[in-house]
Amino acid sequence: GYTEPAQALVHDQEFDRAPGSSAPEFQRTPGYPAFVAAIYWITGDDAPGGTGDAVIVGVQAALSGLSVLLAMLVALRLSGSSVVMLAVGLMVGLDPLQTSQAGLIVSETLATVFTTLAVYCGVRFLQAGADRLPVRWAAACGLSLVAATYVRPTTYYFPALVVLALSGAALWQRR
């Protein structure tokens, strides 16, 4: 379901269900097909099982590792303990879904990276302190959530939750 819209982006420069189709894609958000299309465009191979698919799997494996690293950094920031950081790294890194999804052409790995990045940026924002609430971490958190939502719409309501959490934290710290 993701390769056909990606092929349409490469061949027709339109977000359609398949190349040559005039039926717009409404069942998928454009983020992951755009990611796949970018790799197809770079490799020049969008044939099923071709070089493009192999590169997608390789890039997703690296991104899976990045999400593990981000989870470890969140754990270290929240706990201050390298033991907790390593435990989280092992739990996330050895999770069967974490490893199996990276080998498939599905949106979970990319969405996980953006969601984990949003959590990391949110933690950095909250730990900055009330007198120094840095806009860059708030902006990075928001942009990460936007990217995650474009990849996988399950995060559609997360920005509202983040705004509530950050507003509450800012008000709490000002007391």
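Structure: see above.
Conventions adopted
- Residues numbered from 1 in each chain as written.
- Predicted model: local features only at pLDDT ≥ 70, side-chain atom pairs only at ≥ 80, totals over all residues.
- Heavy atoms only, no water.
- Helix = DSSP H or I, 4+ residues; strand = E, 2+ residues; numbered from the N terminus.
- Contact = heavy atoms within 4.5 Å.
- Areas by Shrake-Rupley, 256 points an atom, 1.4 Å probe, with all protein chains shown as cover.
- Lys, Arg positive; Asp, Glu negative; His and termini not counted.
- Charge placed at Lys NZ, Arg CZ, Asp CG, Glu CD.
- Core = buried A, V, L, I, M, F, W, Y, C linked by side-chain atoms within 4.5 Å.
- Buried < 20%, exposed > 50% of the residue type's maximum accessible area, 1.4 Å probe, protein only.
- Patch = residues over 30% accessible without salt bridge, like charges linked within 9 Å, V, L, I, M, F, W, Y side chains within 5 Å.
- Salt bridge = Lys/Arg side-chain N within 4 Å of Asp/Glu carboxyl O.
- Axes fitted to C-alpha atoms, helices over the stretch in contact; angles between N-to-C directions.
- Parallel < 35°, antiparallel > 145°, perpendicular 65-115°, else oblique.
- Left-handed = near helix turned anticlockwise from the far one by under 90°.
- Nonpolar A, V, L, I, M, F, W, Y, C, P; charged D, E, K, R; others polar.

Colleague: Help me understand the overall build of the protein chain, please; the structure alone is not making it clear to me.
Modeller: Along the backbone of the protein chain there are eight helices and zero strands. Judged by the C-alpha coordinates and their principal axes, the protein chain covers about 60 × 35 × 20 Å. Within the protein chain, residue pairs in contact and separated by at least 24 positions form 57% of the contacts whose partners lie at least 6 positions apart. On the protein chain, roughly 9700 Å² of surface is accessible, and the fraction owed to carbon and sulfur atoms is 68%. Mean positive and mean negative side-chain charge positions of the protein chain (9 and 11 charges, respectively) differ by 24 Å.

Colleague: What's the story with the nonpolar core in this structure? I'm lost.
Modeller: The nonpolar side chains of a soluble globular protein tend to be buried, and buried together. Counting residues in each nonpolar core, the largest one holds 14 residues, and the members touching the most others are Tyr-32, Phe-35, Val-36, Ile-56 and Leu-110. Sorting elements by how many residues they give to this core places helix α2 (residues 31-43) first, with six residues. Apart from residues lying up to four places away in sequence, Val-36 is in contact with Ala-6, Ile-56 and Ile-105. In terms of nonpolar packing, the next biggest core, distinct from the first, is built from eleven residues, Cys-121, Phe-125, Leu-145 and Leu-166 among them.

Colleague: Honestly, a nonpolar patch on the surface in this entry has me stumped. Any pointers?
Modeller: A contiguous nonpolar patch, built from Phe-158, Leu-161 and Leu-164 and spanning about 310 Å² of accessible area, is present on the exposed surface. Relative to the helices and strands, Phe-158 is located in helix α8 (residues 158-174). A relative accessible area of 33% places Phe-158 in the partly exposed class.

Colleague: I tried to follow the pattern of salt bridges on my own but got confused; where do I start?
Modeller: This model, assessed by the stated rule, comprises one salt bridge. The shortest N-O distance in the salt bridge between Glu-108 and Arg-152 comes to 3.3 Å. Highlighted residues: Glu-108 in helix α6 (residues 108-127) and Arg-152 in the loop between α7 (135-151) and α8, separated in sequence by 44 residues. On the basis of relative accessible area, Arg-152 is assigned to the partly exposed category, the value being 26%.

Colleague: What should I look at first to understand the packing of α6 against α7 in this one?
Modeller: Angle between the axes and distance between the axes are the two parameters that describe a pair of packed helices. The interhelical angle for the contact between α6 and α7, taken along N-to-C directions, is 160 degrees, at an axis separation of 8 Å. Between α6 and α7, the interaxial angle falls into the category roughly antiparallel. Seen along the crossing, α6 lies across α7 with a hand that is left-handed. Contacts from Leu-110, Ala-111, Phe-114, Thr-115, Leu-117, Ala-118, Tyr-120, Cys-121, Gly-122, Arg-124 and Phe-125 in α6 reach Trp-137, Ala-138, Ala-140, Cys-141, Ser-144, Leu-145, Ala-147, Ala-148 and Val-151 in α7. In terms of residue class, the contact of α6 with α7 is built from 16 nonpolar, three polar and one charged.

Colleague: Just checking my understanding: could you explain the packing of α6 against α8 for this structure?
Modeller: Running from amino to carboxyl end, α6 crosses α8 at an angle of 15 degrees, the nearest separation of the two axes being 11 Å. The angle between the axes of α6 and α8 places the two elements in the roughly parallel class. In this structure, α6 crosses over α8, and the sense of that crossing is right-handed. Taking contact as the criterion, the partners of Thr-115, Gly-122, Phe-125 and Leu-126 in α6 are, on α8, Phe-158, Leu-166, Ala-169 and Gln-173.

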